[in-house]
Protein chains: 2
Amino acid sequence: MKDMLQSPTRRQLLSMIGKTAGATAMYQAMTTLGFASESSFKEEMELKGAPPGASIIILGAGLAGLTAAYELRKAGYSVKVLEYQNRGGGRSWTLNSGDKYTELGGEVVTCDFEEGNYLNGGPWRLPTHHYGVLHYCKKFGVAMEPFIQENSRAYLHRTDHFNGVPQRLGDVQTDIRGHVSELLSKAVNVGSLDRSVNKEDKEKLLEGLKGWGVLDKDYRYLSSQETSIYRGYDINPGGGLMPNAKPSKPIPLNALLQSGMWSDLSNFTVYDHHPTMFQPVGGMGKIGDAFTRECQEMITLNAKVTRIEQDDSGVTVSYVDSNEGSGVAKTERADWCICTIPLSVLTQLDINVSKSMKQAMAAVPYETSFKVGLEFKRRFWEEDEWIYGGVTYTDMPITQISYPSGGMFKDGSGVLLGGYGFGETSYKFNSLTPQERIDASLAYGKYIHPQYTKEFRSGTSVVWHRIPWTLGCYGIWSDSSREQYYDTLCSIDNRIVLAGEHCSHIPAWQEGAILSGLDTAKRLHKRAKLAV
Amino acid sequence: MKDMLQSPTRRQLLSMIGKTAGATAMYQAMTTLGFASESSFKEEMELKGAPPGASIIILGAGLAGLTAAYELRKAGYSVKVLEYQNRGGGRSWTLNSGDKYTELGGEVVTCDFEEGNYLNGGPWRLPTHHYGVLHYCKKFGVAMEPFIQENSRAYLHRTDHFNGVPQRLGDVQTDIRGHVSELLSKAVNVGSLDRSVNKEDKEKLLEGLKGWGVLDKDYRYLSSQETSIYRGYDINPGGGLMPNAKPSKPIPLNALLQSGMWSDLSNFTVYDHHPTMFQPVGGMGKIGDAFTRECQEMITLNAKVTRIEQDDSGVTVSYVDSNEGSGVAKTERADWCICTIPLSVLTQLDINVSKSMKQAMAAVPYETSFKVGLEFKRRFWEEDEWIYGGVTYTDMPITQISYPSGGMFKDGSGVLLGGYGFGETSYKFNSLTPQERIDASLAYGKYIHPQYTKEFRSGTSVVWHRIPWTLGCYGIWSDSSREQYYDTLCSIDNRIVLAGEHCSHIPAWQEGAILSGLDTAKRLHKRAKLAV
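Because the structure is a prediction, the values reported are computed rather than measured. (Residues numbered from 1 in each chain as written. Chains lettered and ligands numbered in written order. Predicted model: local features only at pLDDT ≥ 70, side-chain atom pairs only at ≥ 80, totals over all residues. Heavy atoms only, no water.)

Asker: What's the story with the overall build of chain A in this structure? I'm lost.
Answerer: Within chain A, the secondary structure is distributed over 18 helices and 27 strands. Judged by the C-alpha coordinates and their principal axes, chain A covers about 80 × 65 × 55 Å. Residues counted as buried form 63% of the 532 residues belonging to chain A. In chain A, once contacts between residues fewer than 6 apart in sequence are set aside, the share between residues at least 24 apart is 70%. Per element, the accessible surface of chain A, about 20,000 Å² overall, is 49% carbon and sulfur. (Helix = DSSP H or I, 4+ residues; strand = E, 2+ residues; numbered from the N terminus. Buried < 20%, exposed > 50% of the residue type's maximum accessible area, 1.4 Å probe, protein only. Contact = heavy atoms within 4.5 Å. Areas by Shrake-Rupley, 256 points an atom, 1.4 Å probe, with all protein chains shown as cover.)

Spelled out as structure tokens, the structure:
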């Protein structure tokens, strides 16, 4: 507060600041507000003191394997990573212009997008609280941009409701709040909740509902200039003597309830989707690329593991090395092995672990999921409908349409996530050829965006149950399988330990893989030091 | 659907698509979904056919004046713009490193930020439905990036509640939904609303509330793994054998109601703040700069208007030209005049308009507002608290703290909007010296971010009532003043017509200025053609 002694307003200012009570409590309380208290990721591990000459072989160059490799090399281990594919990064994978891959069944999936356009085959968005991912992204120089999950101008769509006309997300959100507030105000005003809410709270509750729900003086949620300030107008306010603003009309509660759209709102309220979210500039694969670059000296690509055999002094991994054309059978031996191969694949390999570990490995089925990327000649969602980022949800099998959070306002082509679903709808898409998936996504999507027909340019897709190196999307855990098998699956089985999103409480997310890699590295290091 | 004839799954696919009813209604309905139906800005005007030799003088090179200038020049008019300041853009203004200005009272306000850091003195965020602004930004090549209004990790703060400890926005939002849903479920379950909700809707209402509010099987909103999926955890789920996730605890309804934080949520539900919002990369001033560049041949800077006199054949504007040091009195004459000078200034000038116009000009007081920008040595809000963008609201006089939406994850310094308020709190800041405003913002802000003390680097501010060229922030309209004076204020008074945000239904926003400029240009063009 220097430089204020001469000011006539100093007393006023100090008085203002003096009113700021609670100060004494603040500093201590603040320490609990940071991320440290809530996160499983505290800060980068600094493992030290690997036993001299100790070696570790890591199977799989996805994020779990490379996180462990990166940290254990720092600790002083001799680390080798075997990877089945011709690239690192695993499911942290972006399909770019010119990419192609062969899926189970022999079909070749191509990506013929224009340069710069892409589809994230796997993960595509990062919540802020995935501290592990964001930590390594910053450390490895992966540029980030906001990922727009919630866009009030995106749609909710139900085939059999509103004559199939998509409704604006913002309208549905505002109207649900309005109708709920009107109903609760009514119940409060007739005294129905007098047992639950005391008199003082009752007044504040009514005041809160009136503001939050945008209710009129009689606690009704109706079309008005006031409600339009929250839900938008049929004709927006203008300048000069432009036509008068015209209020919009709320969707009746009955129609909302019958449509089932309310349940879609959880896509915006779930913690993992809270703003601010992020995506790497240029696609999620930039993360896989960065880990691969940081670990490249340790990685052998094109190495198909066929057998994992441990004995009292180490682990021998047999694999087929395809780096020089036809495969050559090789072996690699190390003191310890971290295996991140998805359980869907691992359970088909020859591995000598304990019976209980084998049971745990067999107890985790893999979720099915599909994604279709559709490239259009122009970004009509922006140009015609002013939709910049965000996600539309529908009850059609495509399940959702996501608008790109990158490259907004650009001229020329752009890519929509034209379909992304799980379970039954995914099994249907799994059974289609690559071309049919695109055709189906177009056939559905045009009910939401009629521009599809005229503007389509090319498409690509990933159906995870046809991806040879995962045979599924991610491990599915139930409460009971967690109870029975999880600790065993994560335990160190003599000289072998598993890692990956399937060995985490955050399945399907990269954060789960990274935290699993960190935890595995830490525990294995401890065990290795004891074993000396 | 080509290439599908041979596929065994074709029938299945067609059957899936056939279920998509409502299709016939869609195409027609879609035409009402675009922006065209709701916006006052349809598309760029194409005014044509200015009377030969017709001239227009425009007073003020803000967005209203330059929009009119740009469009009327295209129509063929000879257009000149007089601007008081040494730059165009008006309130579309960014304070950059090295900038300084003199405010009423003679104090010089400096901006000593590091290169690249800035404070938007005026507007700072753009809703998607401000089509006029976005149209010209795209046309003039102003690069955009998302503006993050809502960040669940930002805070709500009440000095006298929760011991002064800020609460996470996402927690408050989730808990309000939970408590409201629990209360309404209770009322519905005891039959209090049976007259308002029929039986079928009642079941769907309960189902909806259970999902939206994250209620348990007994319709209670309680701490649990399930509610933590929506509001976050005390300890997040981890990988491997990391400590178990620990659910967070909802804030009791009573404490939320008493705190008054509920009312802050309107900052995130109001239509003007719906996602997706935008900001120009590098500051809002990029818009003013772009308009100035596009119109530069028409603009005379450093021209202080002293008198505006119309007669039957034109308008003569007297002004002081300070482009060559000491001022030189000059006049400029044109057939028509568009005056965008803020009413707070204009009412003090010599102008011969009708009595009713004079009354209208005098009927619009100007809102007071202040902004303080605080530069810190490091982005501690990101590094310590994982807050990337968004706004914290408090009942302290600083009113809010906004975290930058640009440059996220960068090392080094960054700038917070450390205070931004209106009305009473602004009058208090107006009475402080530039240094005191910074000191006061720091003194308050440290109750939310204790890092302020250690990390502060420099500050700057704008208090709009001390800005000589506006003498206030924007025009305030009441329902009754609109009724009585608005149409007159916007009317063409013989050969003079006013424009600006004060001549719009969107006061304070750039969109209001642009739409006013467009509407004025259109009406004046019509009048000018009739006058020939």
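Asker: Sorry, what's going on with helix 6 (residues 199-213) of chain A here?
Answerer: Because each turn of an α-helix spans 3.6 residues, side chains separated by three or four positions in sequence point in the same direction. Residue and element names in this part refer to chain A. Across its 15 residues, helix 6 extends 21 Å between first and last C-alpha, which sits within 8% of the 21 Å expected from 1.5 Å per residue. Every buried residue belonging to helix 6 is among Asp 201, Lys 202, Leu 205, Leu 206, Gly 208, Leu 209, Trp 212 and Gly 213, and all of these are buried. Take helix 6 and look down its axis: the buried residues cluster within an arc of 165°, on one side only. Helix 6 presents Lys 199, Glu 200, Glu 203 and Glu 207 as exposed residues on the side facing more than 90 degrees away from its buried surface. A side-chain oxygen of the first residue of helix 6 lies 3.2 Å from the backbone nitrogen of Glu 200; this N-cap is Asn 198. Of the residues flanking the end of helix 6, it is Val 214, one or two places downstream, whose phi is positive at about 55°. (Expected span 1.5 Å × (residues − 1). Arc of directions from axis to C-beta. Polar contact = N/O pair within 3.5 Å; in protein donor to acceptor, adjacent residues only side chain to side chain.)

Asker: Just to check I follow, could you spell out the sheet that holds strand 18 (residues 336-339) of chain B for this structure?
Answerer: Whether parallel or antiparallel, the strands of a sheet pair through hydrogen bonds between backbone atoms. All names here are of chain B. Spatially, 5 strands are ordered 14-2-1-18-27 in an open sheet, and the strand pairing comes out parallel. Each end of this open sheet is capped by a strand with a single partner; those strands are strand 14 (299-300) and strand 27 (496-498). Across 4 bridges, the pairing between strand 1 (residues 55-59) and strand 18 is parallel. Residue pairing for strand 18: Ile 56 is matched across the bridge by Trp 336. (Pairing = 2+ DSSP bridges.)

Asker: I tried to follow the nonpolar core on my own but got confused; where do I start?
Answerer: The tendency in soluble globular proteins is for nonpolar side chains to be buried side by side. Formed by 88 residues in total, the largest nonpolar core has its most connected members in A:Trp262 and B:Trp262. When neighbours within four sequence positions are excluded, B:Trp262 is seen to be in contact with A:Leu205, A:Gly208, A:Leu209, A:Trp212, B:Ile176, B:Val180 and B:Leu257. (Core = buried A, V, L, I, M, F, W, Y, C linked by side-chain atoms within 4.5 Å.)

Asker: Looking at this structure, how should I read the pattern of salt bridges?
Answerer: If charged atoms from side chains of opposite charge come close, those side chains can pair. Summed over all chains, the structure comprises 54 salt bridges over all chains. Among the ionic pairs, A:Asp264 bridges to A:Arg158, the shortest N-O distance being 2.9 Å. Placement of the pair is A:Asp264 in the loop between helix 8 (253-259) and helix 9 (266-269) and A:Arg158 in the loop between strand 9 (155-157) and strand 10 (167-168), with a sequence separation of 106 residues. The class for A:Arg158 is buried, based on a relative accessible area of 9%. The partner of B:Arg333 in a salt bridge is B:Asp311, with the nearest N and O atoms 2.9 Å apart. Taken together, the residues span a long stretch of sequence, with B:Arg333 in strand 17 (residues 328-334) and B:Asp311 in the loop between strand 15 (303-310) and strand 16 (315-321) at a distance of 22 residues. The class for B:Arg333 is partly exposed, based on a relative accessible area of 39%. (Salt bridge = Lys/Arg side-chain N within 4 Å of Asp/Glu carboxyl O.)

Asker: Where do I start with unusual backbone geometry in this structure?
Answerer: Negative phi is the rule for most residues except glycine; trans is the rule for most peptide bonds. All names here are of chain A. Across the junction of Pro 275 and Thr 276, the peptide omega takes the value 5°, indicating a cis bond. Looking at the secondary structure, you find Thr 276 in the loop between helix 9 and strand 13 (277-280). The phi dihedral of Asn 302 is positive, around 55°, even though this residue is not glycine. Within the secondary structure, Asn 302 sits in the loop between strand 14 (299-300) and strand 15 (303-310). Of note in the backbone geometry, Phe 409 takes a positive phi value of approximately 75° without being a glycine. On the basis of relative accessible area, Phe 409 is assigned to the buried category, the value being 15%.

Asker: For this particular structure, what's the right way to read the sheet that holds strand 27 (residues 496-498) of chain A?
Answerer: Residue and element names in this part refer to chain A. Strand order in the open sheet formed by 5 strands is 14-2-1-18-27, and the pairing between neighbours is parallel. Each edge of the open sheet is held by one strand with a lone partner, namely strand 14 and strand 27. Where strand 2 (residues 78-82) meets strand 14, 2 bridges bridge the pair, whose relative direction is parallel. Across the sheet, the residue bridging to Val 81 is Ile 299, located in strand 14.

Asker: Explanation requested: the packing of helix 3 (residues 63-75) of chain B against helix 18 (residues 510-531) of chain B in the structure shown.
Answerer: Residues and elements named next belong to chain B. Taken N-terminus to C-terminus, the directions of helix 3 and helix 18 make an angle of 35°; their axes are 7 Å apart at the nearest point. The handedness of the crossing between helix 3 and helix 18 is right-handed. Counting all contacts with helix 3, which are made through Leu 63, Ala 64, Thr 67, Ala 68, Glu 71, Leu 72 and Ala 75, the residues of helix 18 involved are Gln 510, Ala 513, Ile 514, Gly 517, Leu 518, Ala 521 and His 525. (Axes fitted to C-alpha atoms, helices over the stretch in contact; angles between N-to-C directions. Left-handed = near helix turned anticlockwise from the far one by under 90°.)

Asker: I would appreciate a short explanation of the environment of A:Trp93 in the present structure.
Answerer: Residue and element names in this part refer to chain A. Along the chain, Trp 93 falls in the loop between strand 2 and strand 3 (94-96). For Trp 93, a relative accessible area of 7% gives the class buried. With residues near it in sequence (within four places) discarded, Trp 93 still touches Arg 87, Tyr 101, Leu 119, Asn 120, Gly 121, Gly 122, Gly 285, Val 462, Trp 464, Ile 467 and Trp 469.

Asker: I keep staring at the packing of aromatic side chains and nothing clicks. Help me out?
Answerer: Geometry of an aromatic ring pair is reported as the spacing of the ring centres plus the angle between the planes. The tally for this structure, following the rule as stated, stands at 57 aromatic pairs over all chains. Where B:Tyr70 meets B:Tyr136, the ring centres are 6.2 Å apart and the plane angle is 90°; that geometry is what we call edge-to-face. Residue B:Tyr70 is found in helix 3, and its partner B:Tyr136 is found in helix 4 (residues 131-139); the two are separated by 66 residues along the sequence. Owing to a relative accessible area of 0%, B:Tyr136 belongs among the buried residues under this scheme. Among the aromatic side chains, those forming a connected cluster through ring pairs are A:Trp124, A:Phe147, A:Tyr420, A:Phe422 and A:Tyr474. In this structure, B:Lys210 packs its charged tip against the face of B:Tyr219, placed 4.5 Å from the ring centre. (Phe/Tyr/Trp six-rings, centres within 6.5 Å; stacked < 30°, edge-to-face > 60°. Lys NZ or Arg CZ within 6 Å of the ring centre and 35° of its normal.)

Asker: Is there a simple way to explain the packing of helix 5 (residues 169-189) of chain A against helix 5 (residues 169-189) of chain B in this structure?
Answerer: Packed helices, taken two at a time, are described by the angle between their axes plus the distance between the axes. Where helix 5 of chain A contacts helix 5 of chain B, the two axes come as close as 10 Å, and the packing angle between them is 55°. In terms of orientation, helix 5 of chain A lies oblique with respect to helix 5 of chain B. Where helix 5 of chain A crosses over helix 5 of chain B, the handedness of that crossing is left-handed. Along the contact surface, helix 5 of chain A presents A:Val180, A:Leu183, A:Leu184 and A:Ala187, while helix 5 of chain B presents B:Val180, B:Leu183, B:Leu184 and B:Ala187. When the residues that make up the contact of helix 5 of chain A with helix 5 of chain B are grouped by side-chain class, the tally is 8 nonpolar, no polar and no charged. (Parallel < 35°, antiparallel > 145°, perpendicular 65-115°, else oblique. Nonpolar A, V, L, I, M, F, W, Y, C, P; charged D, E, K, R; others polar.)

Asker: Just to check I follow, could you spell out the pairing of strand 2 of chain A for this structure?
Answerer: Within a regular strand, the side chains alternate between the two sheet faces. Residues and elements named next belong to chain A. Taken together, the 5 bridges between strand 1 (residues 55-59) and strand 2 define a ladder with parallel strand orientation. If you follow Ile 57 over to strand 2, its bridge partner there is Lys 80. Handedness of the β-α-β unit built from strand 1, helix 3 (residues 63-75) and strand 2 comes out right-handed. (Right-handed = clockwise from strand over helix to strand, strands pointing away.)

Asker: Please explain the pairing of strand 22 (residues 391-394) of chain A as it appears in this structure.
Answerer: Residue and element names in this part refer to chain A. Burial of strand 22 is two-sided: the residues Val 391 and Tyr 393 facing one way and the residues Thr 392 and Thr 394 facing the other way are all buried. Bridge count for strand 9 against strand 22 is 2 bridges, and the pairing is parallel. If you follow His 157 over to strand 22, its bridge partner there is Thr 394. Of the pairings in the sheet, the one linking strand 22 to strand 23 (residues 400-402) comprises 3 bridges and is antiparallel in character.

Asker: In this structure, what is going on with the environment of B:Asp175? I would like to understand it.
Answerer: Residue and element names in this part refer to chain B. Turning to its location among the elements, Asp 175 is positioned in helix 5. The exposure class assigned to Asp 175 is buried, which follows from its relative accessible area of 0%. Sequence separation between Asp 175 and Thr 227 is 52 residues; the distance between their C-alpha atoms is 9.4 Å. For Asp 175, the residues in contact, after removing those within four places along its chain, are Tyr 221, Arg 231, Pro 250, Ile 251 and Leu 256.

Asker: Explain the side chain of A:His157 to me, please; I cannot follow it from the model alone.
Answerer: All names here are of chain A. Among the structural elements, His 157 can be located in strand 9. The exposure class of His 157 is buried, given its relative accessible area of 1%. Polar contacts involving the side chain of His 157 include one to the side chain of Thr 394, which spans 2.7 Å. If we skip the residues at most four places from it in the chain, His 157 touches Gly 164, Pro 166, Met 261, Tyr 393, Thr 394, Asp 395, Met 396 and Ile 448.

Asker: Sorry, what's going on with the confidence of the model for chain A here?
Answerer: Low-confidence regions, as indicated by low pLDDT, have predicted coordinates that should not be scrutinised in detail. Residues and elements named next belong to chain A. The pLDDT averaged across chain A works out to 93; a share of 92% of its residues lies at or above 70. Low pLDDT (under 50) marks residues 1-8, which in the prediction has 13 contacts with non-local residues, meaning those over four places away or in another chain. Confidence drops under a pLDDT of 50 for residues 21-37, and excluding neighbours within four residues, the segment shows 34 contacts in the predicted structure. What the predictor reports for the complex is a pTM of 0.94 with an ipTM of 0.94. (pLDDT = per-residue confidence, 0-100.)

Asker: Just checking my understanding: could you explain the side chain of B:Thr67 for this structure?
Answerer: All names here are of chain B. Assignment of secondary structure puts Thr 67 in helix 3. A distance of 2.6 Å separates a polar atom in the side chain of Thr 67 from the backbone oxygen of Leu 63. In this view, Thr 67 contacts Tyr 136, Phe 291, Ile 514, Gly 517 and Leu 518; residues no more than four positions away in its chain are not counted.

Asker: What is the right way to look at the environment of B:Asp312 in this model?
Answerer: Within the element layout of this structure, B:Asp312 appears in the loop between strand 15 and strand 16. Not counting chain neighbours up to four residues away, the residues in contact with B:Asp312 comprise B:Asn494 and B:Arg495.

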